[in-house]
Amino acid sequence: MTQERDSTTYAPSAETVARAHVTAAQYDEMYAASMQDPEGFWAKQAERIDWIKPFSQVKDVNYDFGNVSIKWFADGSLNVAANCIDRHLATRGDQPAIIWEPDDPQDAAQHITYSELHGSVCRMANVLQSMGVGKGDRVVIYLPMIPEAAYAMLACARIGAIHSIVFAGFSPDALAARINGCDAKVIITADEAPRGGRKTPLKSNADAALLHTKDTVKCLVVKRTGGQTTWIDGRDHDYNALAAEASDSFEPAEMNAEDPLFILYTSGSTGQPKGVVHTTGGYLTYAAMTHEITFDYHDGDIYWCTADVGWVTGHSYIVYGPLANGATTLMFEGVPTYPDAGRFWEVCAKHKVNQFYTAPTAIRALMGQGPEWVEKHDLSDLRTLGTVGEPINPEAWNWYNDVVGKGKCPIVDTWWQTETGGHLMTPLPGAHATKPGAAMKPFFGIAPVVLDPQTGVEIEGNGVEGVLCIKDSWPGQMRTVWGDHERFEKTYFSDYKGYYFTGDGCRRDEDGDYWITGRVDDVINVSGHRMGTAEVESALVAHAAVAEAAVVGYPHEIKGQGIYCYVTLMNDREPSDELMKELRTWVRTEIGPIASPDVIQWAPGLPKTRSGKIMRRILRKIAENDFGSLGDTSTLADPSVVDDLIENRANKG
Ligand code: 6R9
């Protein structure tokens, strides 16, 4: 992968500027206003949302470690589903809300209008209510990328229940941990999830997970393929049968702005994934605003985000942001390379997509297949291209710009996190120039600061690098870790007091533009999926043959980062290819296929300090094949282990 920086600047075309919601001058003016008077600024932006009871307070935030508390629009009330559906019915009842494109291109796409969406969401809400789900209850959603996933999210929002989506690629163990973590009443799943021509047995994964949860958890099963499933009467409920009988009206619950809307588990640098909690009013305001402004979305546009609803990008930019704006949002069940490497572009042409939002890993994979797959399809409707999830290398950026965008579509490289609810830094089409790989500018209301990692002091001026923190709150910010507010404060507010710590490093270049340099903690980014190295390590050591394991990221051509595992075996176990295979399968079963180790290296010993701390810096360098800059190894308890690791570095070359 090309890592060198490319500072070529691409100015937006006159056409882009003319159409844009926000021009350069407007950006400067609005940004200044958002800094000078955040309350006034956000009170105005919150008018995007229909409130049942208007708020009188805008912002109530304390970033002081020990007393961290974040509230926006705290005395207002609203319903998210009513905002995403009901308020559009009078003007766009017959407009497609969702275009669903199935895995197999031979199967028909579905166009689901706003009024059909209303009916389906109400039916799902009635079914959930009949299963005992009420305000504040938790519902786990474990579904393929099918319209029912959106119905389920919005049905929860309509009831006032809190959803927690678990990506369908997670294993039964990971699913059980998430059901138990939030004490869910119901899990919604499907018989099978077709993806790339293969099927994942979701219901049987759910069956396996439910062996490790309370007996009272009920299971609602959506029929997708009609594949065979085992059925436990009383516990399992047939969605299709129940929905057919259910009423298509359901009164939306009045929710406080600070009531939780959803929990979404994400990886951190230590231990178990944490349940990120987003609330109702601020989150929706922020998702709606960023969706409109970042993508320069206009009424009538067809918008496609290729993420899965199992990730935050799917929450904010497939469902909540677009639907709050009355958009037509495309939902894709498949993968970029099935049945061939032209699928993304075929779908863009077929549905006349105007805004297209994907991940660098997909761009890199498709770039490798050659431009002819793109050129076959008519992409003349494309206007904005977006990327998210990881830093994009200049080579992939240039290919996206030239081959996909034909040099006419601004690329919005959106930097943000599960925790932030929406984009925090991105160029805006029509307002900003772009540079290959730069997140460029803060969004309105966002005050990024670059801190010295050691002293925590703000580094002023341009041409500087350090850790990235945010000075003040914004409405889309997470409010707490589910059930563990202390962990929330410790993770984000303890290292650099008075700031939100992002966990990312960043550079502010000579022009004052921002570049994200990657995580500064033990989180790695594999194909845009966040993974705690500690999670993979604890999966490995749970295997009887493993005494100790250390996991680091290393540069990977397509995935951005790959998973490199150093494994020390129990005394009585010998390394073998079979055992290596077994450990790979083991990790896939413990966490899921996305955590599958790319490299396993047998390590008779791990480099440790005399106090027993593993020196990951050294392990990272060895994995990167960069032996020249191992730094000081004299503090190691046994420096000779490093020689062994270098000597036997796996996957030599
Ligand atoms: C939305 C999402 C967050 C982490 C984040 C950073 C990396 C995301 C990026 C990016 C460089 C971008 N990241 N977008 N790095 N440029 N445009 O991805 O959320 O899964 O929580 O990951 O991803 O390291 O801290 P999440």
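Just so it is clear, the model here is predicted, and its values are computed rather than measured.

Quick notes on empty space enclosed by the protein
- In this structure the tally under the stated criterion is two cavities of 30 Å³ or more.
- Of the voids in this model, the largest cavity is the one considered here, and its volume is about 40 Å³.
- Along its surface, the largest cavity is lined by Val80, Ala157, Gly160, Ala161, Met255, Pro260, Leu261 and Thr280.
- Class assignment of the residues belonging to the lining of the largest cavity gives a composition of six nonpolar, two polar and no charged.
- In this structure, the second largest cavity encloses a volume near 40 Å³.
- Here the residues of the lining of the second largest cavity are counted per class, giving seven nonpolar, one polar and one charged.

Description of the packing of aromatic side chains
- Here the structure, examined in full by the defined rule, presents 40 aromatic pairs.
- Ring geometry for Phe262 against Tyr320: centres 6.4 Å apart, planes inclined by 0 degrees, an arrangement best described as stacked. Highlighted residues: Phe262 in strand S14 (residues 260–266) and Tyr320 in helix H12 (residues 312–324), separated in sequence by 58 residues. For the pair formed by Phe262 and Tyr320, the shared burial category is buried.
- Positioned above the aromatic ring of Phe170 is the side chain of Arg178, whose terminal nitrogen or guanidinium carbon lies 4.5 Å from the ring centre.

Details of the UniProt feature "binding site: ATP" (unreviewed entry) in the protein chain
- Mapped onto this structure's residue numbering, the UniProt feature "binding site: ATP" (unreviewed entry) falls at Gly389, Glu390, Pro391, Asp413, Thr414, Trp415, Trp416, Gln417, Thr418, Asp504, Arg519 and Arg530. Lining the second largest pocket, from the set of annotated residues above, are Arg519 and Arg530.
- Assignment of secondary structure puts Thr414 in strand S20 (residues 411–414).
- Thr414 sits in the buried class, given a relative accessible area of 2%.
- Every residue in contact with Thr414, bar those within four places of it in the chain, is listed here: Thr294, Tyr357, Thr387, Val388, His423, Met425 and Thr426.

Quick notes on the sheet that holds strand S17 (residues 328–332)
- If you trace the seven strands from one edge of the open sheet to the other, you get S5-S4-S17-S16-S18-S19-S20, paired in mixed fashion. Strands with a single pairing partner mark the edges of an open sheet, and in this sheet they are strand S5 (110–113) and S20. Neighbouring strand axes in the sheet, compared pairwise and without regard to direction, differ in orientation by 20 degrees on average.
- Judged from the three bridges that link them, strand S16 (residues 302–305) and strand S18 (residues 355–358) form a sheet pairing that is parallel. When the bridges of S18 are listed, Trp304 appears paired with Phe356.

Re the side chain of Thr306
- By the element assignment, Thr306 lies in the loop between S16 and H12.
- The class for Thr306 is buried, based on a relative accessible area of 19%.
- In terms of polar contacts, Thr306 uses its side chain to reach the side chain of Thr358, at 2.8 Å.
- Apart from the residues lying within four places of it in its own chain, the contact partners of Thr306 are Phe344, Phe356, Tyr357 and Thr358.

Points about the nonpolar core
- Ranked by internal contacts, the top residues of the largest apolar core, which has 158 residues, are Leu117, Leu128, Ile188, Tyr320 and Phe444.
- The biggest single contributor to this core is helix H7 (residues 147–159), with 10 residues.
- Of the residues that make up this core, three or more belong to each of domain 1 (14–429 + 438–508) and domain 2 (527–648).
- In contact with Tyr320, other than residues within four places in its own chain, are Val80, Cys84, Met153, Leu154, Ala157, His163, Leu261, Phe262, Tyr283, Leu284 and His315.

Considering the layout of surface pockets
- Within this model, the second largest pocket holds a volume of roughly 430 Å³.
- Along the wall of the second largest pocket there are 21 residues; nearest its centre are Ser269, Thr491, Asp495, Phe501 and Asp521.
- Of all the secondary structure elements, the ones that give two or more residues to the lining of the second largest pocket are helix H17 (485–493) and strand S24 (500–508).
- Looking at the lining of the second largest pocket, the element that brings in the most residues is H17, giving four residues.
- Its residues placed into classes, the lining of the second largest pocket shows six nonpolar, seven polar and eight charged.

A short note on the site of the ligand
- Neighbouring residues of the ligand: 17 residues in total, closest Asp413, Thr418, Asp504, Arg519 and Arg530.
- Contact distances for the ligand include 3.1 Å between a nitrogen atom and a backbone N or O atom of Gly389.
- Thr414 places a polar main-chain atom, nitrogen or oxygen, 2.8 Å from a nitrogen atom of the ligand.
- Within the complex, the protein chains bury 95% of what would otherwise be the 530 Å² of accessible surface of the ligand.
- Taken together, the elements giving at least two residues each to the shell around the ligand come down to H12, S20 and strand S25 (514–519).

Brief notes about the domain arrangement of the protein chain
- Under the domain assignment used here, the protein chain contains domain 1 (14–429 + 438–508) and domain 2 (527–648).
- Centre-to-centre, using C-alpha coordinates, domain 1 lies 32 Å away from domain 2.
- Regarding the contact of domain 1 and domain 2, the summed buried area is about 1500 Å², with carbon and sulfur atoms giving 47% of it.
- The largest per-residue losses of area from domain 1 upon contact with domain 2 belong to Ser267, Thr361 and Arg364, which jointly make up 29% of the total buried on that side.
- Inspection of the region where domain 1 meets domain 2 yields one salt bridge.
- In this structure, the salt-bridge partner of Arg530 is Glu419, at a minimum N-O distance of 2.9 Å.
- Our count for the domain 1 to domain 2 interface comes out at 11 residue pairs in polar contact (both at pLDDT 80 or more).
- For the side of domain 1 that touches domain 2, the secondary-structure elements that each account for two or more residues are helix H8 (172–181) and helix H14 (360–367).

Here we look at the environment of Tyr265
- Looking at where Tyr265 falls in the secondary structure, it is placed in strand S14.
- Relative accessible area serves as the criterion here: at 15%, Tyr265 is assigned to the buried category.
- Sequence spacing of Tyr265 and Val641 is 376 residues, and the spatial spacing of their C-alpha atoms is 36 Å.
- Beyond its immediate stretch of four places on either side in the chain, Tyr265 contacts Ser164, Arg178, Gly181, Cys182, Pro273, Lys274, Gly275 and Trp482.

Brief notes about H7
- Between its terminal C-alpha atoms H7 stretches 18 Å, which fits the 18 Å expected from 13 residues at 1.5 Å a residue.
- Counting buried positions over the 13 residues of H7 gives 13, a clear majority of the element.

Rules used throughout
Residues numbered from 1 in each chain as written. Predicted model: local features only at pLDDT ≥ 70, side-chain atom pairs only at ≥ 80, totals over all residues. Heavy atoms only, no water. 1 Å grid on protein atoms, 1.4 Å probe; cavity = no way out; pocket = protein on both sides within 12 Å on 5 of 7 lines; lining within 4 Å. Points joined across faces, edges and corners; volume = space filled by probe spheres on them. Nonpolar A, V, L, I, M, F, W, Y, C, P; charged D, E, K, R; others polar. Phe/Tyr/Trp six-rings, centres within 6.5 Å; stacked < 30°, edge-to-face > 60°. Helix = DSSP H or I, 4+ residues; strand = E, 2+ residues; numbered from the N terminus. Buried < 20%, exposed > 50% of the residue type's maximum accessible area, 1.4 Å probe, protein only. Lys NZ or Arg CZ within 6 Å of the ring centre and 35° of its normal. UniProt positions renumbered as here; feature names shortened; annotations may be inferred. Contact = heavy atoms within 4.5 Å. Pairing = 2+ DSSP bridges. Axes fitted to C-alpha atoms, helices over the stretch in contact; angles between N-to-C directions. Polar contact = N/O pair within 3.5 Å; in protein donor to acceptor, adjacent residues only side chain to side chain. Core = buried A, V, L, I, M, F, W, Y, C linked by side-chain atoms within 4.5 Å. Domains from an automatic or database assignment. Near = heavy atom within 4 Å. Areas by Shrake-Rupley, 256 points an atom, 1.4 Å probe, with all protein chains shown as cover. Buried area = accessible area lost by both parts, 1.4 Å probe. Salt bridge = Lys/Arg side-chain N within 4 Å of Asp/Glu carboxyl O. Expected span 1.5 Å × (residues − 1).

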